[in-house]
Amino acid sequence: MEDTSLLWLLFLTSLLSCPTNQASLTVSPSRSQMFRGQSVSLSCEEDDSSAGWTLRRNTTRETRAECKDWEGISAGSSCNISYMVPLDSGVYWCESREGATSNSINITVPGGPVILQSPVLPVMEGEDLTLLCKTETSSNLPAGFYKDGSFIRTEPAGHMTIHHVSRSDEGLYKCIISSVGESPPSWVSVTEKPTTTGPPLSLPPAPETTSDHLHLVIRLVCHLVVFCPYFISTFIMVSLYRHRAAGNDLPVSVVMTPPTQAEEGLDEDYDDVTTEHHF
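A short tour of the structure in this document, coming up.

The rules we used
- Residues numbered from 1 in each chain as written.
- Predicted model: local features only at pLDDT ≥ 70, side-chain atom pairs only at ≥ 80, totals over all residues.
- Heavy atoms only, no water.
- Helix = DSSP H or I, 4+ residues; strand = E, 2+ residues; numbered from the N terminus.
- Buried < 20%, exposed > 50% of the residue type's maximum accessible area, 1.4 Å probe, protein only.
- Contact = heavy atoms within 4.5 Å.
- 1 Å grid on protein atoms, 1.4 Å probe; cavity = no way out; pocket = protein on both sides within 12 Å on 5 of 7 lines; lining within 4 Å.
- Points joined across faces, edges and corners; volume = space filled by probe spheres on them.
- Nonpolar A, V, L, I, M, F, W, Y, C, P; charged D, E, K, R; others polar.
- Core = buried A, V, L, I, M, F, W, Y, C linked by side-chain atoms within 4.5 Å.
- Polar contact = N/O pair within 3.5 Å; in protein donor to acceptor, adjacent residues only side chain to side chain.
- Pairing = 2+ DSSP bridges.
- Axes fitted to C-alpha atoms, helices over the stretch in contact; angles between N-to-C directions.

### Here's the deal with the overall build of the protein
Counting its secondary structure elements, the protein contains three helices and 18 strands. Each of the 279 residues in the protein was classed as buried or not, and the buried ones make up 27%. Of all intrachain contacts in the protein linking residues separated by at least 6 positions in sequence, the fraction that spans at least 24 positions is 57%.

### Focus on the layout of surface pockets
It is the rolling of a water-molecule-sized probe over the atoms that shows where space remains empty. One number sums up the size of the largest pocket: a volume of about 290 Å³. Elements with a contribution of two residues or more to the lining of the largest pocket: β8 (105–107) and β17 (186–188). It is β17 that provides the largest number of residues to the lining of the largest pocket, a total of three residues. Across the lining of the largest pocket, the residue classes tally to nine nonpolar, seven polar and no charged.

### Quick look at the nonpolar core
With 21 residues, the main nonpolar core has Val27, Leu42 and Ile107 as its most contacted residues. Sorting the residues of this core by element identifies β1 (23–28), β2 (40–46), β6 (78–81), β7 (90–95) and β8 as the ones contributing at least two each. Aside from chain neighbours lying at most four places away, what touches Val27 is Met34, Val40, Ser41, Leu42, Ile105, Ile107 and Val120.

### Description of unusual backbone geometry
Going from Ser28 to Pro29, the amide bond is cis rather than trans, its omega being 0 degrees. Here Pro29 lies in the loop between β1 and β2. Despite not being glycine, Glu71 has its phi angle at roughly 60 degrees, a positive value. Among the secondary structure elements, Glu71 is positioned in the loop between β4 (65–66) and β5 (73–75). For Asp148, which is not glycine, the phi torsion reads 55 degrees and is therefore positive.

### Observations concerning the side chain of Ser78
Looking at where Ser78 falls in the secondary structure, it is placed in strand β6. Among the polar contacts made by the side chain of Ser78, one reaches the side chain of Ser43 at a distance of 3.1 Å. The contacts of Ser78, once residues within four sequence positions are left out, are Leu42, Ser43, Leu55 and Ile73.

### Quick look at the sheet that holds strand β14 (residues 159–162)
Ordered by their spatial adjacency, three strands build an open sheet running β9-β11-β14, and the pairing between neighbours is antiparallel. Each of the sheet's edge strands pairs with one partner strand only, and the pair in question is β9 (114–117) and β14. Each strand axis lies, on average, 15 degrees off the axis of its neighbour in the sheet, ignoring direction. For β9 and strand β11 (residues 129–135), the ladder comprises four bridges, and the chain directions are antiparallel. Bridged to Ile115 within β11 is Lys134.

Here it is, written out as structure tokens:
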């Protein structure tokens, strides 16, 4: 039973550790609005060609249709449309045999004289967003730009740049060229900038000034004044201790003097005396 559980655990771990195949849909020219009659090329940039990515789209008349179904020229995981018409407006994406999907792109063919050229892919926070209002014959006519139905400003050259975009810049944009027409709205997405973690930045040490040097000198003098008496007294005590220790270790000589004549006489008299005891 334990061996079976271990095998299942290893199997699930291997499944989770296996990388998933992904693809990214690109469009050329890279914009979300196209003029009628314009040619467009779509391609699935895939990590693994064995996944079998297929281009699909949803429009007002079809759902999950493949390239061959909308009269496109298929070449592997790419599709070319030689003549765009308003019925080609819709959502395009890549799909694998296993059902995995890529990013989706909205393409609009208004059929009118004015289009708004905006980024197909989301713009990252902090980057610049450039919108271009153009006709089939000109791209530098004065145009007014709108966001979510509110007027932003008029640009004399027909293009507007928003510097350092944030999430608040996300929304529906359109443009109007006087006496020509207006473009359909296009949604502009703004993604959050990824955060990176790392070691804190170390600031360079501040340069030393004259006051710092003076402060160090004063502290050194104070330390010397406080500790010098201890050093001197300790030195004196150690010297005295060594001196006394050296005095105790001096050799002691014993001089034996000969006895005097008086002392010798006393000794002889003492020897001649005999004490007798009669009981």
